[in-house]
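Fold and contact review
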Amino acid sequence: QKNDLKRIFTFLILVLSLACLDASAQAEIKFEKETHDFGVFNESKPVVTSFIFENTGNEPLVINQVMTSCGCTVPNYTKTPIEPGAKGEIRITYNGKGKAEGPFKKGISVRTNATKSLTRLYIKGHMMKD
């Protein structure tokens, strides 16, 4: 009976250890920058930037959703899982046609399967009328 308790105890420790190892396996997202300033530009020319990121975790990273605060801001992003150590891109196009002249700041919400599941990116600039 004492040996049975030893085996059960050893088994439980093994199971708990494996559960802890599995919990530490996760994707991590690290952006090179989280804000981009377009500076001054004309309304007639949409501006584009890329937010480059790396999966610094140990599981594949999946971008579930990229939401913008305005229809004038259009995202295009890596749709396939990003392996650990690999990089991906979120490309943002801002078209201010018909918007007010002057400074602006727009937010972009990025939802992933990473430990920090929500990241906010920003674009800003000063748009001039033609």
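These lines cover the structure that appears in this document, whether it is placed above or below. (Residues numbered from 1 in each chain as written. Predicted model: local features only at pLDDT ≥ 70, side-chain atom pairs only at ≥ 80, totals over all residues. Heavy atoms only, no water.)

Considerations on the state of the cysteines
- In total, this model carries one disulfide according to the counting rule given.
- There is a disulfide in this structure between C70 and C72, and the S-S distance comes to 2.2 Å. Between C70 and C72, the S-S dihedral sits near 135°, and the bridge is therefore right-handed. (Disulfide = S-S within 2.5 Å.)

Considerations on the sheet that holds strand β1 (residues 29-31)
- If you walk across this open sheet you meet the four strands as β1-β3-β6-β5, and the pairing is antiparallel. Among the strands making up the open sheet, the edge pair consists of β1 and β5 (73-77). Recorded for the sheet is a direction-independent mean angle of 25° between the axes of neighbouring strands.
- Direction of pairing for strand β3 (residues 47-55) relative to strand β6 (residues 87-94): antiparallel, over a ladder of eight bridges. Residue pairing in the sheet places V47 in a bridge with Y94 of β6. (Pairing = 2+ DSSP bridges. Helix = DSSP H or I, 4+ residues; strand = E, 2+ residues; numbered from the N terminus. Axes fitted to C-alpha atoms, helices over the stretch in contact; angles between N-to-C directions.)

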